[in-house]
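Commentary on secondary and tertiary structure
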Amino acid sequence: MTRAFLDRLAVGQISLTAQCTALIAAVAVALISLMLVMQSLDGQRASREMVERRVDLMVSSIETIVSDADHSEAREQIAAVLDRLDFDGLVVEQEYVSFTEEASSSVNSPKQLILARLRQDQQTVVRRFGDQVALAVPVPGNGGPVAAYYFALSTAPLEASPFGSLPHKAMMLAILLLVIVPLAVAAMLNITSPLRKLVSAARGADQDRTTLELIGRRTDEIGDLSRAFQDLQDRMDSAARTVEKLTTTDVLTGLPNTQGLRRQMTRHLESGIHFALFIVNVERLSQLNVELGGDMGEKVIAASAERLSEALASFQPMVERSPVAFGAPQDRFIARLGGDEFAILIPGTEIGEEAAEVATQLLMAFHNPLDINGRSVVVTVSAGIALAPADGADHSAMKRNAHLALHEARSQGSGHFCFARSDLAARADRRLAIEQELRLALERNELVVFYQPQVDLRDGAFIGAEALVRWIHPSRGLVGPMEFIDVAEDVGLIDQLGSYVLQSVAAQLAAWGRKGLYPKVAVNVSASQCMQPDFCSGIFDVLSKSGVPTTSLQIELTESVAMRDPVRTARELAPLRAAGVRLAIDDFGTGYSNLATITRLPFDVLKIDRSFVSECVRDGASRVVVATILSMAQNLGYQTVAEGVETELQREFLLRYGCTFAQGYLFGKPMPAPEFEAAFIEQRRIDARDLQEQVRSVV
């Protein structure tokens with residue numbers, strides 16, 4: 001039965017509740033048994049002490065009787081004492097022994113030993129032999145004891161226990177513990193061993209599911225726990241796979257994402273595999289999102305991904321190459337980087353020779369419009385290409401160089417591609433350095449305003465100047481605007497820069513006004529400044545605080561900025577013109593203006609771009625463009641300013657066709673305010689002398 005129980009216990013056919021109940025019961029039985037044994041021992045000790053006290057009383061009583069009464073009376077009184085002490089039924093042997101008689105018992109018997117001891121000590125002797133107490137009380141005589149009363153009492157009835165004798169009790173307890181302890185240990189091991197295995201599995205130390213499956217076959221609570229843990233582990237594994245997929249996969253297109261691309265590139269780089277990385281940008285996506293809505297924009301991205309995948313899979317080199325030299329279709333990798341960018345990775349030892357052909361086919365794949373819900377949507381793509389390992393030893397360097405190449409390609413217009421070059425990285429590093437230093441330059445007032453004179457072509461008189469910002473760098477010296485204006489626009493510093501220039505010009509005009517000098521100064525504003533809701537009020541506020549009249553300021557906008565939103569431009573500029581601020585279109589002729597629209601804008605001046613002025617004498621087409629602009633301006637009532645005039649022939653040509661004003665190195669380079677002030681004063685003196693001579697000649 002015990003064997004069957006242990007077998008069932010080992011395979012988990014006995015419930016954990018039953019095992020715990022049995023374990024608790026076994027421990028309880030063992031404790032109760034131990035308590036009863038201890039109680040029995042305490043009872044026996046108390047009984048023995050009671051017997052000893054009654055024996056002592058019996059001895060003292062008999063000794064008194066023997067000393068005071070004769071033999072016959074003594075026997076009666078002794079019987080009364082035994083009766084009173086309830087020793088009647090306990091007396092095993094009672095005898096009056098005269099020492100004149102020869103002892104009949106063996107010298108080794110308890111009685112003979114007691115009597116011998118009594119004769120030797122001449123006093124009462126009490127000894128315990130097992131469950132009997134033997135005692136001898138001497139009968140005194142002239143020369144010592146002449147006789148003795150001998151008693152043998154059985155104390156077993158008084159010291160008896162309901163659980164039997166002590167050895168019997170110890171044997172029963174030992175047998176009980178031999179049964180209970182193994183069962184308790186087996187139950188504990190049966191509970192703790194599988195639990196330890198479950199804990200080990202939970203901590204990941206045991207990756208073998210066989211152990212869990214074996215435990216799961218149990219029918220007790222541990223089996224239930226194991227099966228629940230396996231179910232939880234399965235769900236966690238499923239969730240981990242889902243997270244892994246979301247981590248490495250783009251949800252919209254189903255392609256690998258940035259993380260997936262990084263892993264693929266890292267594997268190739270660590271394995272020494274050559275490959276080409278293409279960063280492809282889908283252009284016009286922001287515009288399509290505005291025009292068609294965000295949902296349509298997502299569909300455009302999904303369709304673009306499909307178009308790129310098809311083009312990549314179908315590409316075949318013009319010269320047949322092995323899969324090692326040029327990756328087979330299944331080895332070509334495409335991922336979405338987010339937004340409007342994709343990445344393509346093609347392995348191969350000779351991929352560099354075919355990269356341009358691949359890029360060309362990718363660009364050509366978008367010559368046909370995308371079909372989005374029955375609507376034809378035209379998009380173009382540009383690409384930047386980096387070759388590994390030449391363009392990067394790790395995935396970050398490869399992506400950076402490919403992105404720099406993409407930026408260069410986009411600067412050439414839509415639908416171009418460009419390979420990574422070392423000078424692109426150097427240019428990007430310099431651009432980043434300029435961005436960081438420009439922020440500090442604005443805080444440290446390292447930027448200054450230069451003034452390039454503007455003159456009246458008819459008499460060469462100074463009428464004012466154009467304000468041009470310059471950067472006095474502490475280590476590189478004078479830095480021209482071509483190096484930092486574009487950076488300021490890209491990083492959001494152009495508004496701060498424009499505000500600085502406007503405030504500097506207003507302060508300088510106020511200083512000149514206090515000296516009686518009143519040149520008109522033209523200030524360029526960016527598209528970002530023009531779109532600010534407080535554009536006009538900001539200008540009025542600066543002029544008001546500095547005490548400068550509005551007629552001293554000219555605001556210049558490029559043709560492309562003015563035509564970006566003509567209605568808004570007209571609305572924003574109208575208060576300025578009404579207040580006396582002159583308005584000019586800068587770089588006129590370089591954009592794609594609608595003349596009917598531009599004539600409705602509140603401008604006073606057209607500035608002819610230097611690219612036409614520099615060629616107006618040598619190039620027939622430029623000469624026609626300049627002449628046409630000047631003729632149109634005269635008919636519409638605009639004043640004109642020609643930029644970049646450097647020769648007398650150019651000045652004469654412009655004057656002949658009716659140009660009003662001009663600026664350029666022929667009249668003066670951009671100069672600091674003190675230098676311009678001196679030139680302006682000198683011009684006024686010359687004008688005064690000329691006027692005096694004219695007056696004298698008339699007189």
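Here we summarise the structure given alongside this text.

The rules we used
Position numbers for residues start from 1 in each chain and track the written sequence from start to end. Restriction of local features to residues with pLDDT of at least 70 applies here, the model being predicted, together with a cutoff of 80 or more for giving and counting side-chain atom pairs; totals for whole chains, interfaces and linings are based on all residues. Values shown for side chains rest on all heavy atoms present in the structure; no hydrogens or waters enter the calculation. To define a nonpolar core, start from buried Ala, Val, Leu, Ile, Met, Phe, Trp, Tyr and Cys residues and group those joined through side-chain atoms within 4.5 Å. A simple rule labels every residue: compare its accessible area, found with a 1.4 Å probe on the protein chains alone, to the largest value its type can have, and call it buried under 20%, exposed over 50%, or partly exposed in between. Where helices and strands are cited, they refer to DSSP runs of H or I of at least four residues and of E of at least two residues respectively, numbered from the N terminus. In this analysis, two residues are considered to be in contact whenever any of their non-hydrogen atoms come within 4.5 Å of each other. Centres within 6.5 Å make a pair out of two Phe, Tyr or Trp rings, where for Trp the six-membered ring is used; the pair is then stacked when the planes are under 30 degrees apart, edge-to-face when over 60, and tilted otherwise. Convention adopted: a line fitted to C-alpha atoms gives each axis, helices being fitted over their contacting stretch, and angles between N-to-C directions are expressed from 0 to 180 degrees. When describing relative orientation, an angle under 35 degrees is termed roughly parallel and one over 145 degrees roughly antiparallel, while 65 to 115 degrees is termed roughly perpendicular and anything else oblique. Note on residue categories: nonpolar means Ala, Val, Leu, Ile, Met, Phe, Trp, Tyr, Cys or Pro, charged means Asp, Glu, Lys or Arg, and polar means any other residue, Gly included. For two strands to be treated as a pair, DSSP must find no fewer than two bridges joining them. One fewer than the residue count of a helix, multiplied by 1.5 Å, yields its expected span. For this analysis, a polar contact is any N or O atom pair within 3.5 Å, provided that within protein one partner can donate a hydrogen and the other can accept it, and provided that sequence-adjacent residues contribute only side-chain to side-chain pairs. Handedness of a crossing follows from how the near helix is turned relative to the far one, being left-handed for an anticlockwise turn of less than a right angle and right-handed for a clockwise one.

So, the nonpolar core
Grouped together as the largest cluster of nonpolar side chains are 76 residues, with contacts concentrated most on Y451, F484, V505, I555 and L654. Of the residues forming this core, the biggest block, nine residues, is contributed by helix α16 (residues 494-514).

A few points about the side chain of N257
Mapped onto the elements, N257 comes out in the loop between α8 (221-248) and α9 (258-271). A residue is classified by how much of its surface remains accessible, and N257, at 14% relative accessible area, is buried. Those residues in contact with N257, other than ones at most four positions away along the chain, are L246, T247, T248, T249, D250, A335 and R336.

Points about the packing of aromatic side chains
For the coordinates displayed, the defined rule picks out eight aromatic pairs. Look at W471 and F484: their rings are 5.7 Å apart centre to centre, the planes differ by 85°, and that puts the pair in the edge-to-face class. Here W471, found in strand β13 (residues 462-473), pairs with F484, found in helix α15 (residues 481-490); they are 13 residues apart in sequence, far enough to count as distant. Linked through ring pairs, Y451, F462, W512, F676 and F680 together constitute an aromatic cluster.

With respect to the packing of helix α14 (residues 422-444) against α15
Where α14 contacts α15, the two axes come as close as 10 Å, and the packing angle between them is 75°. Taken together, α14 and α15 sit at an angle that is classed as roughly perpendicular. Residues R430, R431, I434, E435 and L438 of α14 form the contact with α15, whose own contacting residues are E483, F484, D486, V487, A488 and D490. Partitioned by chemical class, the residues of the contact of α14 with α15 number five nonpolar, no polar and six charged.

Here's the deal with the sheet that holds strand β11 (residues 417-419)
With mixed pairing, five strands are arranged side by side in an open sheet as β6-β7-β5-β10-β11. Edge positions in the sheet fall to β6 (333-338) and β11, since each of these pairs with one other strand and no more. Mean inter-strand twist for the sheet, computed between neighbouring axes without regard to direction, equals 20°. Examined bridge by bridge, β6 and strand β7 (residues 341-347) share five bridges and lie antiparallel to one another. If you follow R336 over to β7, its bridge partner there is F342. Sitting on the sheet, α9 is in contact with β5 (275-282), β6, β7 and β10 (381-388), with an inclination near 135° to β6. Sitting on the sheet, helix α13 (residues 395-411) is in contact with β5, β6, β7, β10 and β11, with an inclination near 145° to β10.

Looking at α13
End to end, α13 covers 24 Å across 17 residues, agreeing with the expected 24 Å (1.5 Å per residue, within 8%). Every buried residue belonging to α13 is among M398, N401, A402, L404, A405, L406, E408 and A409, and all of these are buried. Residues of α13 that are buried in the fold lie against α9, β5, β7, β10, β11 and α14. Among the residues of α13, the N-terminal cap falls to D394, whose side-chain oxygen and the backbone nitrogen of S396 are separated by 3.2 Å. Two residues or fewer after α13 comes G413, characterised by a positive phi angle close to 115°.

Details of the packing of α16 against helix α18 (residues 535-546)
Two elements in contact, α16 and α18, have axes separated by 9 Å at closest approach and are oriented at 30°. In terms of orientation, α16 lies roughly parallel with respect to α18. Here α16 runs over α18; the crossing is right-handed. Here L502, Q503, A506 and A510 of α16 lie close against α18, whose contacting residues are I539, V542 and S546. Considering only residue class, the contact of α16 with α18 consists of five nonpolar, two polar and no charged.

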